Amino acid sequence: MYIVRETQGDSEVLDLTQLELAFTTIIYAPQINEYGQQEWVEYQRLQSPEENRIWRSLNEISPHLQHAFIAVEDENFYTHIGFSLKRTVLAALNEVFHKLTGSYLPGQSGQLGASTIEQQLIKNITGEDQSSGMEGYTRKLKEIFRAIAMDNRFSKEEILEAYLNTIGLTGNIAGVEAAANQYFGKSAMEVSIAEAASIAAITKSPGRFNPYTNPEDHLQRRDNIIYFMLQQGYITESEAEEAYATPLRLVERVRSEEAAVQTNYSWFTDYVIEEVTQDLLEENPLNRENWDRAAANAYLYNGGLRIYATVDPKVQSEIERIWADGEYWEPFTIEDWVPENAPEGTEPKTISTNAAGIVINYKGELVALAGGLGQKTGDRILNRATGMQRQVGSTMKGVAVYPLGIDMDAINYSTALLDDYFPISDGKGGTRTNWPSNWSGTYTHGLVTVYEAIKQSLNTVAVRVGNIVGPRTMFEFARDTLGITSLDENHDVDLAPMVLGALTHGMSPYELAGAYMMYGDGGRVTSLHSYTSVRDYQGNEILEKDIITTQAIGEDTAFIMNRLLHGVLFDGGGTAYGIHPDSNVLDSIGKTGTTNEDKDIWFVGLTPKYVMATWYGYDDNAPMKQYDSNYIYGRRLGHPGARAFRELMDIVQADLTEEEIEALSAIWAKPDSVESGAFCTQTGDAPGAGCPMGRGWYKVGVARSPCTSAHADPAPAA
């Protein structure tokens, strides 16, 4: 009755057909097959930081490894029924003799190992390892019955494969593939007889037989295993002699502190791990009492989860290549840097510029990202695309001020406002006459249209629009409608933060891309996410992403803003003029942004398929103004973020079919609620016959004042 009760549920726990899946968490990426249907393909298998395991099928494991373990651990593996009666009885007699006399049986120096490969495998799977007292005896009895059941249910090949993939070795190494990689720099299929015997030598006592720390003990046991392999007919005498003579050649594991650490994961994988871990922590799908971040993280790595992610492997590969090359970002270096207001005694250090980029689509899906320049040097390191918040400069003008001004009919495409300082208190009873300054440091002191102001990124006009809309309105729109969580209600409800991006905490490139999404999707924003669902290895859904789409601004407003941002890339005087993806494929729009002293250089670019945001600066928030501002602002080589956007979009959109291009282009088609109209370029009003004219986009039915300037015909044009 004890055995029946204790082994209930073993059919699932000890199901070797699911064992590889149960141990390995896999990230899947969506892919469109040749029939135009979406299917899921494997993108990444996660390797636990606590356990380095790489599963290999038996036919991917050298016969030398198979024979070495059988020879030393269970020579009758292929003939017994799951346990060895002879070895069990002898081990039991040895223990009884030790209890009675204080010594072991003649010829025995200690405890005898009676466990078969089946029994050891059961121990590896269940983690049950009591070895003394009544618990030890009952555990052993239960293990024997489990081993017999396992042997009846599975073939010897299935059992051996599971065993070779679950054995523990030194440190966090588990399984023969990870061991072969770690010790010899080879796969489990490539190891020699001597190397196979070395790996098998470790399992009895990983500390004592560690090849790095105890090479003499290790070699002695290795040679014993070679002898066992010879005695049991797995190798010939000449092969054994050659193996004995083989020196222990291990892969050097000590690295220079300056050496780069090989990374296993892409920047995307790093982020989806973080997002899933956080959601697991909040949802607690296992309903455990002691559920914390460490437990959620362990379940993520070792729970055999299936994560259905949003990554596009091609886009991810290309963005990582561009950021690894670093062609567009000058590596400005400051030696002996000490931050302002640093505590006395702060050690100076050398700092260098960095950059980040992120791509999303209009479903709110994270498509690709690069969290830093150069080759990625580790897993789950600082990810500047998602985990860094910085002031966003003039890109903030596209977040709230201009879209709300148009949506509220407070301004239109060509409304003209004064390009001059905006009177505000200087805090001393007077009025400031130098705020806000434009990037050029000059004012025209005349009227400038919204079209020109956005194209040239003039702060003066944007602040006047923001004053009309109101700081509180802009703040609540950005926080509540766009979902920007980094805003500070105590300090950011003001013109400088909500118009010019002088935010208390700043935003990440991820948040900024999400805010601009509305200009490519008819005014809608969709909650950002890197996965859609997570299932356990049995197919049960344990997490489902709650994805919400909100109509943030009107479709007409979104189209008008889209055309205003088009001028930044395509019209003379635009801050990123001429730096755009191939317009014969898809149209594009964008916005640049720079903070005081060039501490942050931003760019947001959109096509009908993607939104991309980039950042460039120092991690330490140091100014780049002291360097070549022509480079930084893009007057000589072109804006770095815009150039990266152009290259990436040209590559990832190059394979679109004519049908796809036509369908994507239709997304940005003019809605019926918008009409094209002429405007006077000097006053922004509906032009008269003598007015210098431009052409803009306006909401249908919203009246525009006729131009009354001296150059205009008294009868304004229709």
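Residues numbered from 1 in each chain as written. Predicted model: local features only at pLDDT ≥ 70, side-chain atom pairs only at ≥ 80, totals over all residues. Heavy atoms only, no water.

Some points on the sheet that holds strand β5 (residues 306–309)
What the five strands build is an open sheet, ordered β2-β1-β5-β15-β16; its pairing is mixed. Every interior strand has two partners, whereas the edge strands, β2 (38–45) and β16 (541–544), have only one. Strand after strand, the sheet turns through a mean of 25 degrees between neighbouring axes, direction not considered. Where strand β1 (residues 26–32) and β5 come together, three bridges link them in parallel fashion. Directly across from Ile26, in β5, lies its bridge partner Arg306. (Pairing = 2+ DSSP bridges. Helix = DSSP H or I, 4+ residues; strand = E, 2+ residues; numbered from the N terminus. Axes fitted to C-alpha atoms, helices over the stretch in contact; angles between N-to-C directions.)

Looking at the sheet that holds strand β8 (residues 354–360)
If you trace the five strands from one edge of the open sheet to the other, you get β9-β8-β20-β19-β18, paired in antiparallel fashion. For this open sheet the edge positions go to β9 (366–370) and β18 (589–594), each flanked by a neighbour on one side alone. On average, each strand axis in the sheet is inclined to that of its neighbour by 10 degrees, with strand direction left out of account. As paired elements, strand β19 (residues 600–606) and strand β20 (residues 611–617) share seven bridges and run antiparallel to each other. Opposite Trp602, over in β20, you have Trp615 as the bridge partner.

A short note on the nonpolar core
Within the largest apolar cluster, 131 residues are counted, with the highest numbers of intra-cluster contacts made by Leu280, Val399 and Tyr402. It is helix α22 (residues 555–570) that provides the largest number of residues to this core, a total of eight residues. (Core = buried A, V, L, I, M, F, W, Y, C linked by side-chain atoms within 4.5 Å. Buried < 20%, exposed > 50% of the residue type's maximum accessible area, 1.4 Å probe, protein only.)

What to know about helix α4 (residues 63–73)
With eight of eleven residues buried, α4 is to be regarded as a mostly interior element. Considered for burial, the residues of α4 that qualify are Leu65, Gln66, Ala68, Phe69, Ile70, Ala71, Val72 and Glu73.

Describing the side chain of Ser266
With respect to the helices and strands, Ser266 occurs in the loop between α12 (237–244) and α13 (267–283). With relative accessibility at 10%, the residue Ser266 sits in the buried group. At a separation of 3.1 Å, a polar atom in the side chain of Ser266 contacts the main-chain amide nitrogen of Thr269. The contact partners of Ser266, leaving out residues within four places of it in the chain, are Tyr43, Gln44, Gln316, Glu320 and Lys376. (Polar contact = N/O pair within 3.5 Å; in protein donor to acceptor, adjacent residues only side chain to side chain. Contact = heavy atoms within 4.5 Å.)

A short note on the environment of Gly501
Relative to the helices and strands, Gly501 resides in the loop between α20 (495–500) and α21 (509–516). Sequence separation between Gly501 and Gly393 is 108 residues; the distance between their C-alpha atoms is 4.4 Å. In this view, Gly501 contacts Gln391, Val392, Gly393, Met396 and Ala496; residues no more than four positions away in its chain are not counted.

Here we look at the pattern of salt bridges
Between side chains of opposite charge, a pair can form when the charged atoms approach closely. Applying the stated criterion across every chain yields a total of 29 salt bridges. Between Glu275 and Lys545 there is a salt bridge, and its shortest N-O distance comes to 2.6 Å. Here the residue Glu275 occupies a position in helix α13, and Lys545 occupies one in the loop between β16 and β17 (549–551), the gap between them amounting to 270 residues. Given a relative accessible area of 18%, Lys545 falls into the buried group. The salt bridge partner of Lys314 is Asp655, with a shortest N-O separation of 3.0 Å. You can see Lys314 sitting in helix α15 (residues 313–325) and its partner Asp655 sitting in the loop between α24 (640–652) and α25 (658–667), a full 341 residues away along the chain. (Salt bridge = Lys/Arg side-chain N within 4 Å of Asp/Glu carboxyl O.)

Comments concerning the environment of Leu281
Structurally, the position occupied by Leu281 is in helix α13. On the accessibility criterion, Leu281 (25% relative accessible area) is partly exposed. When the C-alpha atoms of Leu281 and Trp291 are compared, they prove to be 7.2 Å apart, with ten residues separating the residues in sequence.

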